[in-house]
Amino acid sequence: MQHISLIARRAAKVIAVIFCVILVCALILMILLLIWSPGKPQPYLNANGAPLAGSISEKTYIEINGIRQGVFIRGKNKNNPVVLFLHGGPGMPEYFLAEKYLSGLEDHFTVCYWEQRGSGLSYQPGMSSDTVTLKQSIDDAIAVTNYLRKRFGQNKIYLMAHSYGTFLGIQAVARASQFYCAYIGIGQISHQYQSEKEAYQYMLNYYKMHGNSSMVKKLESYQILNSGTAMNAYLDSSLRDDAMHQAGIGTMHNMHSVITGIFLPVMQCHAYTIGEKINIWRGKAFSQNSTELKRMVLSTDLTSKVTELNLPVYFISGKYDLTVSYSLAKSYFDKLKAPVKGFYTFEHSAHSPLFEESNRFLQIMEQDVLVGKVSMADAK
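Each helix and strand in the protein chain was counted, giving 16 helices and eight strands. For the protein chain, the proportion of its 380 residues judged to be buried stands at 50%. Within the protein chain, contacts between residues separated by at least 24 positions form 74% of all contacts whose residues are at least 6 apart in sequence. Entry remark: accessible area of the protein chain is about 17,400 Å², with carbon and sulfur atoms responsible for 57%.

Right under this line is the structure:
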């Protein structure tokens, strides 16, 4: 009995030590989160460390069609041309990536990173996902456009969209092209249902070729090529993102983990408070529960819905992108009518060439988009 009691006391000490270590680690993590979460974007400073004259770096809220919505607005000169950036998802703001992968875009443009209704800064507990409709989202994009036009005194601005944002963006410019200098679609959606089938088949072949029978078995359990119901279950699972990132066709060609590539950068971003960082994930879950958006993105064939735009159009796509099919984006571009249009293949990128090859992206914005040319576009 005495021996058992001694073992019990030692076990209790070990448990107490483990508990203390966990507590200390949690405390350190909380302190780091507080340090990383002042909730303000960094200002632009001159050589003396003072705020740069004429610059803007703010996080603010505006009333958009009856809902308070959040934006980051940044640029070294408020008189520069204005860009409205539509993020992907649905429901996944991208300011944290813009802060991590500095492209220099804000040296030449005033960029508004709008967090869409129900997303990030624009998420409100108690919102109904039924209110986040396609029409409402496009109405919101045009309303933010008009806010920026009025605030910065510019007749027209640039609309730049990424991933899911391109589904909204190209329809917004089709409806109100008079407000825009040009449309820039990065990872342009064309017909997402076909894109998902193409990516699924690619991954089956990829993992078979690499001898990953476990991943093949998981993918084959959905059989999305034969069933719309299986497609929805597959898209609701974590398998799609995991399989895509491991195969190099996801968010970035060299991003093999959503945890290190997305989750940690969100939590390290200085421009959000801790509560706002939590709301990014709440907003993502909320937005992806919008049955209408999910249905519309999958079922809509933009190649037959938006066939012509009367403004310059630029499609920017990563060679390895199958999150939104590169080949389908190129096919759409070839059919789309526009007075000026350029398609740009990024040879080392997957779904996020603006972050993966930011130097080339900036060159295209400066040398082509800003002056309405296509000198850097792929050869026809």
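Further notes follow.
Here we take up helix α4 (residues 134-152). An ideal rise of 1.5 Å per residue puts 27 Å on 19 residues; α4 measures up with 27 Å between its terminal C-alpha atoms. All buried positions along α4 are accounted for by L134, S137, I138, D140, A141, I142, V144, T145, L148, R149 and F152. Two residues or fewer after α4 comes G153, characterised by a positive phi angle close to 65 degrees.

This paragraph deals with the environment of G283. Secondary-structure assignment places G283 in helix α11 (residues 274-287). On the accessibility criterion, G283 (0% relative accessible area) is buried. Once you skip the residues sitting within four places of it in the chain, G283 turns out to touch G91, G118, S119, G120 and Y123.

Counting residues in each nonpolar core, the largest one holds 50 residues, and the members touching the most others are L84, L148, F167, I170 and F315. The biggest single contributor to this core is α4, with seven residues. If sequence neighbours within four positions are ignored, F315 has contacts with I170, Y183, G185, Q188, A329, Y332, F333, L336, G342, F343 and Y344. Within the second largest apolar cluster, 39 residues are counted, among which are V83, I186, L362 and V369.

Moving on: the sheet that holds strand β1 (residues 56-64). Paired through their backbone hydrogen bonds, the strands of a sheet run either parallel or antiparallel. Strand order in the open sheet formed by eight strands is β1-β2-β4-β3-β5-β6-β7-β8, with mixed pairing between adjacent strands. The open sheet terminates on both sides in strands that have one partner only, identified here as β1 and β8 (341-346). Here the average twist between neighbouring strands, direction ignored, is 20 degrees.

Looking now at the pattern of salt bridges. Summed over the entire model, instances satisfying the criterion amount to 13 salt bridges. E196 serves as the salt-bridge partner of R240, at 2.9 Å between the closest nitrogen and oxygen. Of the two residues, R240 is situated in helix α9 (residues 239-247) and E196 in helix α6 (residues 192-209); the sequence distance between them amounts to 44 residues. Neither residue differs from the other here; R240 and E196 are each classed as buried. With its nearest N and O atoms 2.9 Å apart, the salt bridge here joins D334 to K330.

Taken as a whole and judged by the stated rule, the model has one cavity of 30 Å³ or more. As a volume, the largest cavity reaches approximately 50 Å³. Lining of the largest cavity is provided by P90, G91, Q116, R117, S119, V132, S137, Y164, S287 and L293. Residue composition of the lining of the largest cavity, grouped by class: four nonpolar, five polar and one charged.

Cut-off values and rules
- Every chain is numbered on its own, with residues counted from 1 as its sequence reads.
- Local features in this predicted model are restricted to residues whose pLDDT is 70 or higher, and side-chain atom pairs enter the listing and the counts only when it is 80 or higher, whereas totals over whole chains, interfaces and linings include all residues.
- Values reported for side chains reflect all heavy atoms of the structure, with hydrogen atoms and water molecules removed beforehand.
- Labels follow the DSSP assignment, with helices taken as runs of H or I lasting at least four residues and strands as runs of E lasting at least two, numbered in each case from the N terminus.
- Here the term buried applies to any residue with accessible area under 20% of the maximum for its type, exposed to any over 50%, and partly exposed to those in between, with areas from a 1.4 Å probe on protein chains only.
- The contact definition used throughout considers only heavy atoms, calling two residues in contact when any of these lie within 4.5 Å.
- Where accessible areas are quoted, they stem from the Shrake-Rupley method and a 1.4 Å probe; at the residue level, only the protein chains shown are allowed to cover.
- Take the number of residues in a helix, subtract one, and multiply by 1.5 Å to get its expected span.
- In these notes, a set of buried Ala, Val, Leu, Ile, Met, Phe, Trp, Tyr and Cys residues joined through side-chain atoms within 4.5 Å is what counts as a nonpolar core.
- A strand pair is defined by DSSP finding two or more bridges across the two strands.
- The convention used is that axes are lines fitted to C-alpha atoms, helices contributing only their stretch in contact, and that angles between N-to-C directions extend from 0 to 180 degrees.
- A pair is scored as a salt bridge if a Lys or Arg side-chain nitrogen falls within 4 Å of a carboxyl oxygen belonging to Asp or Glu.
- Buriedness of a pocket was judged along seven lines, with at least five required to meet protein on both sides within 12 Å; pockets are open sets of points on a 1 Å grid over the protein atoms alone, cavities are sets where a 1.4 Å probe fits but cannot get out, and lining residues have an atom within 4 Å of a point.
- Grid points are joined across faces, edges and corners, and a volume is the space filled by probe spheres set on the points.
- Charged residues are taken to be Asp, Glu, Lys and Arg, nonpolar residues to be Ala, Val, Leu, Ile, Met, Phe, Trp, Tyr, Cys and Pro, and polar residues to be all remaining types, Gly included.

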